[in-house]
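For reference, the chains in residue letters:
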Amino acid sequence: EFFARLLDKNFLTAVRQDGSTFPVEVALAPIHLGAEGTGVVAIVRDVTERIEAQRRINEIQQTLDGTEEGVYVFDADTLLFDYVNQGAADQLGRSRAEMEGMSVLDLNPTMAEADYRALIQPLLAGRMSSRTIATRHRRKDGSELEVECVLQSSEVPHPDGHRRIVAFCRDVTVRLETER
């Protein structure tokens, strides 16, 4: 026997003959049967793996958001952010929503676009696996934050064909003031 019920408002739950359950998506489509009337075709898809993958993504994102370090992922061609963690938003006094549509150039008052592209080129070309820079980021209020950033090129293929750069940025303001 097969039946379905709502699960987390997004999926249905199917029940196997042994009584175990699993999440499914159901697609329904009418089918015209001529003189016999109209029927319905149902396509039932087990989405267990997709739900588990999404759970892992959420777990990883929560872990990254729990760090004080700023984590930025940006498109190497457009320099626009794909992802910033909560630590990055907190460092800059911004919300993550405010950072959507921003680029690395919006944060760094000391570097021109050509300089930034020259900085990441050895990463993209595979001549360097990572690069560490000391620079400043501009907060929302206009003040500047001294940071040390480790930049790496992501080798994970992206559907748009563009490469991604991952930057891990640490606020070093207090450390530098102490050293001075």
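All values derive from a computational prediction rather than experimental measurement. (Residues numbered from 1 in each chain as written. Predicted model: local features only at pLDDT ≥ 70, side-chain atom pairs only at ≥ 80, totals over all residues. Heavy atoms only, no water.)

Caption draft 1: Looking closely at the side chain of Ser154. Mapped onto the secondary structure, Ser154 falls in strand S8 (residues 144-154). By relative accessible area, Ser154 is classed as buried at 16%. Residues contacting Ser154, with those up to four places away along its chain left out, are Arg163, Arg164 and Val166. (Helix = DSSP H or I, 4+ residues; strand = E, 2+ residues; numbered from the N terminus. Buried < 20%, exposed > 50% of the residue type's maximum accessible area, 1.4 Å probe, protein only. Contact = heavy atoms within 4.5 Å.)

Caption draft 2: Geometry of unusual backbone geometry. Although it is not a glycine, Leu79 sits at a positive phi angle of roughly 65°. Relative to the helices and strands, Leu79 resides in the loop between strand S5 (70-75) and strand S6 (81-84). Judged by its relative accessible area of 1%, Leu79 is buried.

Caption draft 3: Molecular detail of the side chain of Arg164. For Arg164, the location among the structural elements is in strand S9 (residues 164-171). At 2.9 Å, the side chain of Arg164 and the side chain of Asp160 are in polar contact. Those residues in contact with Arg164 that sit more than four places away from it in its chain are Val73, Phe74, Asp75, Ala76, Asp82, Gln152, Ser153, Ser154 and His158. (Polar contact = N/O pair within 3.5 Å; in protein donor to acceptor, adjacent residues only side chain to side chain.)

Caption draft 4: Fine view of the layout of surface pockets. Computed from the structure, the largest pocket encloses a volume of approximately 150 Å³. Considering the residues around the largest pocket, the lining is formed by Val73, Asp82, Ser154, Val156, Pro157, His158, Arg164 and Val166. (1 Å grid on protein atoms, 1.4 Å probe; cavity = no way out; pocket = protein on both sides within 12 Å on 5 of 7 lines; lining within 4 Å. Points joined across faces, edges and corners; volume = space filled by probe spheres on them.)

This is a description of form; function is not addressed.
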